[in-house]
There are 2 protein chains.
Amino acid sequence: MKNTIFAFKDDSPKYKQIYEQFKLFIERGDIPANDPLPSIRQLADSLQVSRNTTLTAYEQLVAEGYIRGEGRKGFFVNELEPLLFQDAFVLPKKNQTKSVTPVLINFRAGAVDQTHFPLIIWRRIANQVLTLQESFGYGEPFGELCLREQIATYLLQSRGVKTDPNAIIIGSSTQQILIHLGQILKDDFPSIIVEDPGYDLAWEAFHFHRFMLETLPVYETGADFSCLEEMRSRLIYVTPSHQSPIGVSMSIGQRQMLIHWANKRHGYIIEDDHDSEFRYTQQPFPALASIDSTRVIYLGNFSKSFLPGIRLSYMVLPQLLLDRYKNQFLHFESTTSLLSQLTMAKFMEEGEWNRHIKRMRLVYKRKMHCIVSELKKQFSQDVSIIGEQSGLYLLVKVHLKRSEEWLIERASFYGVKVYPTSIYFIKNHSNEPIIKLGFSNLTCEEIKLGVQLLKKAWS
Amino acid sequence: MKNTIFAFKDDSPKYKQIYEQFKLFIERGDIPANDPLPSIRQLADSLQVSRNTTLTAYEQLVAEGYIRGEGRKGFFVNELEPLLFQDAFVLPKKNQTKSVTPVLINFRAGAVDQTHFPLIIWRRIANQVLTLQESFGYGEPFGELCLREQIATYLLQSRGVKTDPNAIIIGSSTQQILIHLGQILKDDFPSIIVEDPGYDLAWEAFHFHRFMLETLPVYETGADFSCLEEMRSRLIYVTPSHQSPIGVSMSIGQRQMLIHWANKRHGYIIEDDHDSEFRYTQQPFPALASIDSTRVIYLGNFSKSFLPGIRLSYMVLPQLLLDRYKNQFLHFESTTSLLSQLTMAKFMEEGEWNRHIKRMRLVYKRKMHCIVSELKKQFSQDVSIIGEQSGLYLLVKVHLKRSEEWLIERASFYGVKVYPTSIYFIKNHSNEPIIKLGFSNLTCEEIKLGVQLLKKAWS
């Protein structure tokens, strides 16, 4: 029986990949003699392999003399003759890089912390939902009322947004919601203003309907709203709580200015309030939709704050658009799992959602602190940190006169996966490369190890 | 704590609704004296209420003298003075109908059998999937490879369709898939041929992209393909295995003719193979996509055959369209729950999917037999049964010189919900009303009771 779910992408046995990676680290001197290796448990969890697999790899390294076991203290690197391995210092050829080096630390932004996931509670509710008769039918086209009621309560308490549950539309992703929304807007609004840099996946949804894009430049200090007056569009897509990707928050003055602009032009603001839950330094600012609900289309989702894989998003529509939307999509089935909706409704109803958010804010705050201090320690003035006040990732502007591509490739050679930001820029390009580091699903130890390896990679 | 998930839509207590419904039945003589009432368990399951609620309603009826309990034998109707209740025979006013009469038997087609759902196995796998690290990230844009591999194996074994897993795209519903598909077709294909009567929800997806619709008339004997030559479109959407809603299968000759047509016009056939799993009289015919994979876009889903609420569909694209599709949607996130995908993949891998289909084919075959024989028994020549050879519903053409609306409303007054088919017709209207009866989530006892009540309602 083929166990595809657990399979590595590479065809070689998993233990062999681990073995070869560590052999390379040791041969290159990346892990000095007498330094400890990650514990069996830590490595197995990090690479998503069994502990047996990890142990097999370590035992092979022991057998070949690279490392030694010291009982409960773990495994340590042996003293080796460096000259024997000098070839290993040469960077492998480009197409070899990807197949040879497995990812040890992955700074991707699209995953959530697994350790603190409320597994037992979620399972209990999900299992309970599976016994309900309504779970065996089709759901409501605009989402289950019980979930919309819970979201309405949450939005009022947490984001100051006062809404009728009937004005909430449940969807499966921000893009899917934007495709539906675009359908009712495209005839009246041929173009849309987007932030530059901004959220590229939203642009894809706008391209889907062939909206023309006008760009609003955003800097570390915020967006340059003085450009707005010259633009022709009456529709704008913004991320006010946590600008994607820069991380800056829109000030109250800017928020009011934007609402004034939309009213004057009889336009609409699409407010994507993604990951507004995770703000570490102050209370979150109120949502734009809490200031003026007639001109703001509010988007929220459960991807960052709960679990991206359940594919659960929503929007709140102003009355005028709501009628148009319901008329257009009355005969469309929901794209969102009914089971996930019912489970989430019950999870929120029981107060678990609020508890989860509070718990995760502390967890992610600690991780953010950890990555910031390790970056400062390792890189000092060589990098500038951007967007450390909120969210599940940060950006580093790297002052090393190297290209984005070089930084990513070198990191990859050291088993560290880091991400580009150039894809988020349209015209407003950065003069130095900016690298994105997501940390939500890494432990503090992994974050530190990752940054230390980056230091080696980029030196 | 408000328990929204379990709430009835009406505000009055649930037991009171049951009590009032049965009071009305007894007063009108619909349930004659000394006849048994449904058992507590049966009614509670059918109405999705607790047994206590049902018992409370029955106890109230006992207290008021309508019924009597006879210990383990159950509850029976008492002899009553009919004159006292003659007013009750008058049909209530239109807007009262819906609020007064709760639905006792719902012949809706959009639910699956709950009793035979493999709850324990599904839960076990779903719970296991929640512990995997990959469940905490975003999924692949075109669906998880492990699921696509399983679908490819299934399609080959069951539908004769030979496909590379990479040619399969996972989506959340047929409509969502058609919206994405329409995006890559609309520029080359301004119009599409659809069956009349046909699947109305697919038309909505075509309207989304403003395709012009041409209609191909379908009768109980099949589609009239002689019209095809006069049409301008090069694109057609069909349901060959089980025509939606008529239920007829396309013959091999017609299949070959259609493929020939598509090749000649350099067009495409969208083959929606929904509920092909449930054919009772012969082996299913091979899919169009098994005859010619270059001109056929194959659509399948897990709604009817497994669970509509997990929102899991897929399509198989010919190579030329596949490249265009992947190019267009590379930067779109999947709309389908990652957890459902991983769970379904494992479920299929363990052979549970095949077991489930075999089991359900027997279950639904029994139910189909049950509804057909009860309809014949009750209505004899007054109705014609259409589409009893496959699927989870059938149609009845009613020869009683009554309108569709009247038939539905009268049924509703007797606590039976039945469904119209006029919404599926564009031009090719039926001369007599056709009512749709879905039975997948009803027991044989409920089906019989429902048909018996229909007999009373329509007499």
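Reading the values: rules and limits
- Residues numbered from 1 in each chain as written.
- Chains lettered and ligands numbered in written order.
- Predicted model: local features only at pLDDT ≥ 70, side-chain atom pairs only at ≥ 80, totals over all residues.
- Heavy atoms only, no water.
- Salt bridge = Lys/Arg side-chain N within 4 Å of Asp/Glu carboxyl O.
- Helix = DSSP H or I, 4+ residues; strand = E, 2+ residues; numbered from the N terminus.
- Buried < 20%, exposed > 50% of the residue type's maximum accessible area, 1.4 Å probe, protein only.
- Lys, Arg positive; Asp, Glu negative; His and termini not counted.
- Polar contact = N/O pair within 3.5 Å; in protein donor to acceptor, adjacent residues only side chain to side chain.
- Contact = heavy atoms within 4.5 Å.
- Core = buried A, V, L, I, M, F, W, Y, C linked by side-chain atoms within 4.5 Å.
- Least-squares fit on C-alpha atoms with pLDDT ≥ 70 in both.
- Buried area = accessible area lost by both parts, 1.4 Å probe.
- Nonpolar A, V, L, I, M, F, W, Y, C, P; charged D, E, K, R; others polar.
- Pairing = 2+ DSSP bridges.
- Domains from an automatic or database assignment.
- Axes fitted to C-alpha atoms, helices over the stretch in contact; angles between N-to-C directions.
- Parallel < 35°, antiparallel > 145°, perpendicular 65-115°, else oblique.
- Left-handed = near helix turned anticlockwise from the far one by under 90°.
- Right-handed = clockwise from strand over helix to strand, strands pointing away.

Turning next to the pattern of salt bridges. Residues and elements named next belong to chain A. In total, this model carries 24 salt bridges over all chains according to the counting rule given. Salt-bridge contacts for K264 lead to E229; the nearest nitrogen and oxygen are separated by 3.5 Å. Here K264, found in helix 9 (residues 252-265), pairs with E229, found in the loop between strand 7 (222-223) and strand 8 (235-238); they are 35 residues apart in sequence, far enough to count as distant. Judged by its relative accessible area of 48%, K264 is partly exposed. Taken together, the shared-partner salt bridges in this structure form one network comprising R68, E70 and K73.

A separate point is the side chain of R255 of chain A. Residues and elements named next belong to chain A. For R255, the location among the structural elements is in helix 9. Buried and unpaired, R255 has no salt bridge, with E271 as the nearest side chain of opposite charge at 4.6 Å. Polar contacts involving the side chain of R255 include one to the main-chain carbonyl oxygen of P286, which spans 2.6 Å. Ignoring anything within four residues of it in the chain, the contact list for R255 reads P240, S241, M250, F285, P286, A287, L288 and I291.

Generally speaking, soluble globular proteins have nonpolar side chains that are buried together. Counting 300 residues, the largest nonpolar core has M344 and I371 of chain A together with M344 and I371 of chain B as the members making the most contacts within it. Apart from the residues within four sequence positions on either side, I371 of chain B is in contact with F107, L394, L437, F439, I447 and V451 of chain B.

A separate point is the relation of the copies chain A and chain B. Mapping chain A onto chain B leaves a residual RMSD of 0.1 Å; the transformation is a rotation of 180° accompanied by 0.0 Å of translation along its axis. Given the turn and translation reported, the copies of this chain are related as if by a two-fold rotation axis. Interface overlap between copies is the fraction of interface residues in one copy that are interface residues in the other; for chain A against chain B it reaches 100%, indicating a shared surface.

The next point concerns the environment of I40 of chain B. Locating I40 of chain B in the fold gives a position in helix 2 (residues 40-47). As a C-alpha pair, I40 of chain B and R159 of chain B span 119 residues in sequence and 43 Å in three-dimensional space.

What follows covers helix 5 (residues 119-129) of chain B. Buried within helix 5 of chain B we find W122, I125, N127 and V129 of chain B. Among the structural elements, helix 5 (119-129) of chain A together with helix 12 (338-349) of chain B are those in contact with the buried residues of helix 5 of chain B.

Of the residues lining the interface, 72 residues belong to chain A; the matching set on chain B comes to 72 residues. Both faces considered, chain A and chain B share a buried interface measuring about 6500 Å² in area, 53% of it formed by carbon and sulfur atoms. In this structure, the connection of chain A to chain B is made through four salt bridges. Across the pair R210 of chain A and D187 of chain B runs a salt bridge, and its minimum N-O distance is 2.8 Å. Summed over the shared surface of chain A and chain B, the number is 27 residue pairs in polar contact (both at pLDDT 80 or more). Elements represented by at least two residues in the side of chain A that touches chain B include exactly helix 2 (40-47), helix 5, helix 6 (145-159), helix 7 (174-185), helix 8 (200-208), helix 11 (319-329) and helix 12 (338-349) of chain A. For the side of chain A that touches chain B, the class distribution of residues is 27 nonpolar, 28 polar and 17 charged.

Quick look at the sheet that holds strand 4 (residues 168-171) of chain B now. Residue and element names in this part refer to chain B. On the basis of which strands lie adjacent, the open sheet formed by eight strands has the order 4-11-10-9-8-5-6-7 and mixed pairing. Both outer strands of the open sheet, strand 4 and strand 7 (222-223), are each paired with one neighbouring strand and no more. Both strand 5 (residues 191-196) and strand 8 (residues 235-238) contribute to a ladder of two bridges, which runs parallel. Counted as the bridge partner of V194 is Y237 from strand 8.

What the domain assignment reports for chain A is domain 1 (3-91), domain 2 (105-113 + 356-458) and domain 3 (119-353). Relative to domain 3 of chain A, the C-alpha centre of domain 1 of chain A lies at a distance of 45 Å.

This part takes up the packing of helix 1 (residues 14-28) of chain A against helix 3 (residues 51-63) of chain A. Helix packing for two helices is described by the angle between their axes and how far apart those axes are. All names here are of chain A. Axis separation between helix 1 and helix 3 bottoms out at 8 Å; the angle between their running directions is 45°. Overall, the two elements helix 1 and helix 3 adopt an arrangement that is oblique. The interaxial crossing formed by helix 1 with helix 3 has right-handed handedness. Side by side, helix 1 and helix 3 meet where K14, Y15, I18, Y19, F22 and K23 of the first sit next to T53, T54, T56, A57, Y58, Q60 and L61 of the second. In terms of residue class, the contact of helix 1 with helix 3 is made up of seven nonpolar, four polar and two charged.

Let us look at the pairing of strand 5 of chain B. Residues and elements named next belong to chain B. Where burial is concerned, most of strand 5 is hidden: six out of the six residues are buried. The alternating pattern of strand 5 places S191, I193 and E195 and I192, V194 and D196 on opposite faces, both of which are buried. Strand direction decides the pairing type here: strand 5 and strand 6 (residues 212-219), joined by six bridges, are parallel. Across the sheet, residue E195 finds its bridge partner in strand 6, namely L216. Since strand 5 and strand 6 lie parallel, the crossover through helix 8 (residues 200-208) that links them has a hand, and here it is right-handed.

This brings us to the sheet that holds strand 16 (residues 434-438) of chain A. Residue and element names in this part refer to chain A. The antiparallel open sheet is built from four strands, whose spatial order is 12-13-16-15. Single-partner strands in this sheet number two, and they are strand 12 (383-386) and strand 15 (419-420). Across two bridges, the pairing between strand 15 and strand 16 is antiparallel. Looking at strand 16, one finds that Y419 is bridged to K436. In the packing of helix 14 (residues 404-413) onto the sheet, the strands contacted are strand 13 (393-398), strand 15 and strand 16, and the crossing angle to strand 16 comes to about 40°.

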